[in-house]
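Structural overview
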Amino acid sequence: MSIANELQQTISDLVDEHRGILAADESKPTITKRLAAIGVEATEQNRRDYRSLLISTPGLGKYISGIIMFEETLGQTDENQVLLPEVTWSKKIVPGVKVDRGKGPLAGAPGDLVTYGLDGLASRLKGYKNQGARFAKWREVYPITHHNPTHMGRHANAEVLARYAAVCQEMGFVPIVEPEVLMDGDHDIDRCATVTEYVLHSVFHALHLHGVHLEHIILKPNMILPGKNCRTAEPQEIAEATLKILKRTVPAAVPSINFLSGGQEPEEATGNLNAINQMKANAPWQLSISYGRALQQPALYAWQGKAENRTKAQKALLKRARLNSLARQGKYHPAMENEEN
Ligand code: 13P
């Protein structure tokens, strides 16, 4: 198969009108933090048990089209000794992999961050492909302060995202391009809108310069939200602001926009996605999810690290996946949270 056909096939397998992507790719420090919250030590075995539980959820393929894994997960097996990427694809869920190597300070731009991992990326991708991964994820992070992100910071982050995306496409991987403007802070929703517009503009400019085919990427942005320490906003206000900024900056060639949840509560993230889809009118892209915390949190708490809670945890994941599938079609109502199925 040609590379273009391979990329198109992956897009077709990932993008439809009712499913979304599960992000289960927490780095070691992050998964350690998540497991610590339920009093579970982040041993290799516990990380495997937890992620195997998520991936093996019966019926998950009805609502989820892709799972982003941490590289360790690609080589782990379920309780029947079947490799987890194989378990994933047996449900018609495409296995993907986070390929960035975390973030740190950006020299010359105090307060801005930049993500590492471009060196050797092509050869790592070759290995991940042999393990069954077909798409990749890379996250750049933009904190908001009164002087961040800087012009230089935006430019540097966009360049890195574009270089990552170009390497992925050359290697036959669909890149998830994730520029995350953080929710932390006391800024209002307008400030988030202004910053995100600048960020997305610079990202698409860089993708163009680097020859990235927009038909074969997935954009994973933040919603336009007020800072965590600011007043809250109604889903309609969030949807309106989010659609406005996306329409200004994201070309119609992009097949799908899959939001991150970024610290929103699970029900909040579902409600906001629903409002966005109810308001989308003639927006040219699919508007779906690539949630981590907002899909996993109830499952993690239901599990508590105990084998006997496995089914309960899987039910909790399936519920969030199902409600987000409805929200992604604009058919969710908060009252559904209290229904049995
Ligand atoms: P959250 O939905 O928890 O923000 O995670 C999404 C993700 O993959 C961040 O890179």
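Throughout what follows, the structure given in this document is the object of discussion. (Residues numbered from 1 in each chain as written. Predicted model: local features only at pLDDT ≥ 70, side-chain atom pairs only at ≥ 80, totals over all residues. Heavy atoms only, no water.)

Lining the immediate environment of the ligand, one finds 13 residues, of which K137, K220, S261, G262 and G292 sit closest. Take G262: an N or O atom from its main chain is 2.7 Å from an oxygen atom of the ligand. Residue R293 places a side-chain N or O atom 2.7 Å away from an oxygen atom belonging to the ligand. Protein burial of the ligand: of its 300 Å² of free accessible surface, 92% is covered by the chains. Breaking the shell around the ligand down by element, the ones donating at least two residues are β6 (135-142) and β10 (286-291). Its residues assigned to classes, the shell around the ligand comprises three nonpolar, four polar and six charged. (Near = heavy atom within 4 Å. Polar contact = N/O pair within 3.5 Å; in protein donor to acceptor, adjacent residues only side chain to side chain. Areas by Shrake-Rupley, 256 points an atom, 1.4 Å probe, with all protein chains shown as cover. Helix = DSSP H or I, 4+ residues; strand = E, 2+ residues; numbered from the N terminus. Nonpolar A, V, L, I, M, F, W, Y, C, P; charged D, E, K, R; others polar.)

For the structure shown, the criterion picks out two aromatic pairs. Its end group placed over the ring of W89, K92 keeps NZ or CZ at 4.8 Å from the ring centre. Above the face of the W89 ring, R134 is positioned so that its terminal group lies 5.0 Å from the ring centre. (Phe/Tyr/Trp six-rings, centres within 6.5 Å; stacked < 30°, edge-to-face > 60°. Lys NZ or Arg CZ within 6 Å of the ring centre and 35° of its normal.)

A few words on helix α8 (residues 189-209). Between its terminal C-alpha atoms α8 stretches 30 Å, which fits the 30 Å expected from 21 residues at 1.5 Å a residue. Those residues of α8 not exposed but buried are I189, C192, A193, V195, T196, V199, L200, S202, V203, F204, A206 and L207. The inward-facing, buried residues of α8 contact β6, α7 (151-170), β7 (174-181), β8 (218-219) and α9 (235-249). Phi turns positive, to about 70°, at G211, one or two residues after α8. (Expected span 1.5 Å × (residues − 1). Buried < 20%, exposed > 50% of the residue type's maximum accessible area, 1.4 Å probe, protein only. Contact = heavy atoms within 4.5 Å.)

For a regular strand, side chains alternate in direction, first toward one face of the sheet and then toward the other. With six of six residues buried, β10 lies mostly within the body of the structure. Of the two faces of β10, the one carrying Q286, S288 and S290 and the one carrying L287, I289 and Y291 are both buried. In this structure, strand β1 (residues 20-24) lies alongside β10, joined through two bridges in parallel fashion. The residue bridging I21 from the neighbouring strand is S290, located in β10. Crossover handedness for the path strand β9 (residues 256-259) to helix α10 (residues 266-279) to β10: right-handed. (Pairing = 2+ DSSP bridges. Right-handed = clockwise from strand over helix to strand, strands pointing away.)

Moving on, we get to the sheet that holds β8. The eight strands lie next to each other as β1-β2-β3-β6-β7-β8-β9-β10, forming a closed barrel whose pairing is parallel. As defined by bridge partners, β1 adjoins strand β2 (residues 64-69) across five bridges and the pair is classed as parallel. Residue pairing in the sheet places A23 in a bridge with I68 of β2.

What follows deals with the packing of helix α2 (residues 28-36) against helix α3 (residues 44-55). In the contact formed by α2 and α3, the axes pass within 11 Å of each other and the chain directions differ by 80°. Taken together, the axes of α2 and α3 are roughly perpendicular relative to one another. Taken together, the residues of α3 that come into contact with α2 (itself represented by K28, I31 and L35) are R47, Y50 and R51. (Axes fitted to C-alpha atoms, helices over the stretch in contact; angles between N-to-C directions. Parallel < 35°, antiparallel > 145°, perpendicular 65-115°, else oblique.)

With that out of the way, let us pick up the environment of T196. Position of T196 relative to the elements: it lies in helix α8. Sequence-distant contacts of T196, that is, excluding residues within four places in its chain, are made with V181, N222, I224 and I245. In terms of polar contacts, T196 uses its side chain to reach the side chain of N222, at 3.2 Å.

Below, the discussion takes up the nonpolar core. One finds Y164 and L207 to be the most contacted residues of the largest nonpolar core, which totals 98 residues. For this core, the element with the most residues is α8, which contributes 10 residues. Residues V15, I21, I68 and V174 belong to the second largest nonpolar core, which totals 12 residues. (Core = buried A, V, L, I, M, F, W, Y, C linked by side-chain atoms within 4.5 Å.)

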